[in-house]
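# Summary of structural features
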Amino acid sequence: MSKKSLTILITGATSGIGRHAALHLAHLGHRVFATGRNPAALELLKTDARDTRLETLVLDVTDPASVAGAKASVDARTGGHGLDVLVNNAGYGVLGPTEMISDEDMRAQYETNVFGLMAVTRAFLPQMRERGAGRIINVSSLGGRFTLPLFGVYNSTKYAVESLSDALRVELRPFGVQVSLIEPGVIDTGFTDRSMIEASKYRRADSPYAPVLDRAEDMRKFSDKTAVGPRCISRAIEKAATARRPNARYVAPLRAGFAMGFLRALPERWADALLALALGFTRRRFARQLASTSKALQLQGR
Ligand SMILES: NC(=O)c1ccc[n+]([C@@H]2O[C@H](COP(=O)([O-])OP(=O)(O)OC[C@H]3O[C@@H](n4cnc5c(N)ncnc54)[C@H](OP(=O)(O)O)[C@@H]3O)[C@@H](O)[C@H]2O)c1
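Cut-offs and rules
Residues numbered from 1 in each chain as written. Predicted model: local features only at pLDDT ≥ 70, side-chain atom pairs only at ≥ 80, totals over all residues. Heavy atoms only, no water. Phe/Tyr/Trp six-rings, centres within 6.5 Å; stacked < 30°, edge-to-face > 60°. Helix = DSSP H or I, 4+ residues; strand = E, 2+ residues; numbered from the N terminus. Buried < 20%, exposed > 50% of the residue type's maximum accessible area, 1.4 Å probe, protein only. Core = buried A, V, L, I, M, F, W, Y, C linked by side-chain atoms within 4.5 Å. Contact = heavy atoms within 4.5 Å. Pairing = 2+ DSSP bridges.

Turning to the packing of aromatic side chains, a few remarks are in order. The final tally for this structure, using the stated rule, is two aromatic pairs. With 5.2 Å between their ring centres and 55° between their planes, Tyr154 and Phe191 make a pair best called tilted. Of the two residues, Tyr154 is situated in helix 5 (residues 152-172) and Phe191 in helix 6 (residues 191-200); the sequence distance between them amounts to 37 residues. Centre to centre, the rings of Phe281 and Phe286 are 6.0 Å apart; their planes meet at 25°, and the pair counts as stacked. Taking the relative accessible area as the measure of exposure, Phe281 reaches 27% and is therefore partly exposed.

What follows is the structure, given as structure tokens:
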């Protein structure tokens with residue numbers, strides 16, 4: 001492990017994983033640019049980070065002017081050196097039946113989780129490439145390798161992050177820039193609350209998916225029970241930032257990795273059946289919907 005003090009920028013540091021990682025890395029002695037959209041939350045973070053070298057910057061990853069402003073500010077504050085490590089963490093999850101999620105919500109999800117991540121990467125990468133050293137750490141998800149029903153749109157953005165990172169890792173190797181993915185399982189942050197808020201607009205009583213959407217609160221309770229704190233993710237980010245030879249992927253917590261490994265080892269038909277059962281996508285649960293549809297078709301003479 002390198003003991004060198006690094007200059008690190010983290011996106012989405014106003015809450016959850018990003019906030020915890022910013023404080024963790026700052027307490028290890030690194031110079032951390034903790035960034036986010038909410039100035040009041042950044043101010044609070046700065047107060048909590050007293051006696052460290054944590055600095056804050058307003059950065060909305062979907063706003064090109066904000067990205068350019070953050071880049072100029074980092075350049076000015078580092079005398080043109082730029083970053084040693086970029087942690088692309090900002091993201092959120094839209095939850096709902098894949099058929100029902102609006103184009104607008106889907107585009108917004110991609111704007112933050114995929115295009116925002118690439119915009120920030122493009123802004124800070126050239127200095128690393130020219131210097132022949134640097135690290136990019138992209139916070140993906142176990143959902144970037146395994147899709148859950150109702151998480152199709154969110155998971156697809158993380159699949160995109162995985163693929164872009166895999167390409168960048170090989171492309172940037174000759175330039176001395178290393179790329180790692182962090183794949184969190186269920187972590188206790190504001191993420192689930194936000195997903196539930198996003199999901200609420202798709203929980204209509206007349207939705208054909210109502211029988212499973214009614215169970216959203218049960219799923220949330222289950223997820224809350226299995227969630228762990230963000231410390232394991234901060235440790236994974238620390239390893240990706242400082243290990244002499246960082247891994248391509250860090251899964252945390254480990255037990256989430258085992259669960260994913262188990263599901264991926266099953267024949268797809270079995271894994272589908274297991275997920276359908278767990279989440280309630282069974283013909284029995286949808287019996288009333290299916291019956292009323294076939295009755296309506298009969299009445300129409302089809
Ligand atoms: N928690 C989990 O179970 C889990 C599991 C797998 C992967 N992840 C991933 O981990 C990352 C962090 O999530 P979290 O769990 O820490 O959730 P969180 O507590 O909701 O934090 C998300 C952070 O992203 C920021 N953000 C969202 N849109 C942004 C934008 N356009 N520009 C800048 N910042 C923006 C949020 O800022 P605002 O407050 O301004 O919205 C917030 O600081 C995400 O990429 C998420 O997909 C989380």
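It is worth spelling out the nonpolar core at this point. One finds Ile10, Val32, Leu54, Val87, Ile137, Ile182 and Ile237 to be the most contacted residues of the largest nonpolar core, which totals 30 residues. Sorting the residues of this core by element identifies strand 1 (7-10), helix 1 (16-27), strand 2 (31-36), strand 4 (85-88), strand 5 (134-139), helix 9 (231-242) and strand 7 (249-252) as the ones contributing at least two each. The element that contributes the greatest number of residues to this core is helix 1, accounting for six residues. Not counting the four nearest positions on each side in its chain, Val32 is found in contact with Ile8, Ile10, Ala22, Leu25, Ala26, Arg53, Leu54 and Glu55. Core analysis: the second largest hydrophobic core is formed by 24 residues, Val61, Val74, Leu86 and Leu181 among them.

What you see with strand 4 is no split at all: Val85 and Val87 on one side and Leu86 and Asn88 on the other are buried throughout. Bridge count between strand 1 and strand 4: three bridges; the pairing is parallel. Paired with Ile10 across the strands is Val87, a residue of strand 4. In this structure, strand 4 lies alongside strand 5, joined through four bridges in parallel fashion. Residue pairing for strand 5: Val87 is matched across the bridge by Ile137.

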